[in-house]
Amino acid sequence: MDDYLRNSLSTMPLFAGLSEATLGRLSRVAFRRTYAPGMLILLEGAPCESVFFIVTGAVRVYRLSPQGRQQILATLGPGQGFNTAPPFLPEGRTPASVEAIGETTVLAIRQEDFVALARTCADFSWAILQDFAAHLLHLTDLVEDLALRSVRGRLARFLLEQADGAYVTRPWTQDEIAAHLGTVRDVVGRALRSLADAGLLRMERGRIVLLDREGLEAEAGA
Amino acid sequence: MTAGVLPQIDLMRCILCGRCVQACPTQAVEMLANGPTIVRPDACTYCTACEAICPVGAITCTFEIVWK
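A separate point is the packing of helix α1 (residues 3-10) of chain A against helix α2 (residues 20-29) of chain A. Residues and elements named next belong to chain A. The interhelical angle for the contact between α1 and α2, taken along N-to-C directions, is 125 degrees, at an axis separation of 9 Å. Here α1 is positioned oblique relative to α2, judged by the angle of their axes. As α1 packs across α2, the resulting crossing turns out to be right-handed. Every residue of α2 that contacts α1 at Leu-5, Arg-6, Leu-9 and Ser-10 is listed here: Leu-23, Leu-26 and Ser-27. Residue classes in the contact of α1 with α2 are distributed as four nonpolar, two polar and one charged.

See below:
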């Protein structure tokens, strides 16, 4: 048995509750892959072959509009899974493209092995359900953001989440922030300037320094 | 820690169009033999104009998001 795989699996919070027997089965079917920064891991619409769980690094999950505009659906980090839904659907296809942000190591499981585990190991199914629930809540928040908040409000919420370390935290370009918020770079630039003019943040060389939590929370809730 | 932060230019991706040189409001970037280079880093204000104008995404200006 591959000790690296077993150790990687057992340290993931998602799989912390698995029995030794299930961990053993999982480590026999999982395989390791490492991707360079910017490498495409999955392409939207492709047949689903494997599911993935991040060991180290981070990935960007996104869809592209016909005009080429990118909407980031999630930024995922260690312990989180992706492409876990299609194996449960007939003819399930990869729902979104996934790209490595930095050098990223994942554990991959072929979809037939994944489904077999889900059918036969209740503790594994429970872990996957918890992962589904987390994804569902995240996407619900995203829909609320896109439908009900202004760009300025979405930006305030995004900045608070990043500074508080709610998700994967890293340096961002304004283009990446725009893709995360469902808008374009110019609009993000204007929103940043307006928040700075309101005294809620300060733009520095290579840093966005948040100054006023109450003010930003009020913007995020607006 | 951010005093020395400069736009990052990926010369493998750069197509040598020179738009970043024209867009820079402080003439901090010049086109050298191997491609655009920030020759006057002290003049760079990190305004991100070079990143915005680059047609191939070869220039990146990243921001950490932090509390004061």
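That was the structure; now back to the text.
The interface of chain A with chain B comprises 16 residues on the first partner and 16 residues on the second. Those elements that provide at least two residues to the side of chain A that touches chain B are α5 (151-163) and β10 (207-210) of chain A. Grouping the amino acids of the side of chain A that touches chain B by side-chain chemistry returns eight nonpolar, four polar and four charged. The sheet contact formed by β10(A) and strand β5 (residues 64-67) of chain B spans four bridges and is parallel. In the sheet register, Ile208(A) faces β5(B), and the bridge partner there is Ile65(B).

This paragraph deals with the nonpolar core. Residues and elements named next belong to chain A. Judged by nonpolar contacts, the single largest core of 30 residues is most densely connected at Val-59, Val-61, Leu-76 and Leu-107. Top element by residues in this core is strand β3 (residues 50-56). It accounts for five residues. The contacts of Val-59, once residues within four sequence positions are left out, are Ile-41, Ile-54, Leu-76, Phe-82, Val-98, Glu-99, Ala-100, Ile-101 and Thr-104. Within the second largest apolar cluster, 20 residues are counted, among which are Leu-159, Ile-177, Leu-181 and Leu-200.

Here we come to the domain arrangement of chain A. Residues and elements named next belong to chain A. In terms of domain boundaries, chain A breaks down into domain 1 (3-128) and domain 2 (148-221). The straight-line distance from the C-alpha centre of domain 1 to that of domain 2 is 29 Å. With nine residues of domain 1 at the contact, the number on the domain 2 side is six residues. Element by element, the count of residues in the side of domain 1 that touches domain 2 is highest for strand β5 (residues 70-76), at five residues.

What counts, and where the lines are drawn
- Residues numbered from 1 in each chain as written.
- Chains lettered and ligands numbered in written order.
- Predicted model: local features only at pLDDT ≥ 70, side-chain atom pairs only at ≥ 80, totals over all residues.
- Axes fitted to C-alpha atoms, helices over the stretch in contact; angles between N-to-C directions.
- Helix = DSSP H or I, 4+ residues; strand = E, 2+ residues; numbered from the N terminus.
- Parallel < 35°, antiparallel > 145°, perpendicular 65-115°, else oblique.
- Left-handed = near helix turned anticlockwise from the far one by under 90°.
- Contact = placed C-beta atoms within 7 Å.
- Nonpolar A, V, L, I, M, F, W, Y, C, P; charged D, E, K, R; others polar.
- Pairing = 2+ DSSP bridges.
- Core = buried A, V, L, I, M, F, W, Y, C linked by C-beta atoms within 7 Å.
- Buried ≥ 20, exposed ≤ 12 C-beta atoms within 10 Å, placed from the backbone.
- Domains from an automatic or database assignment.

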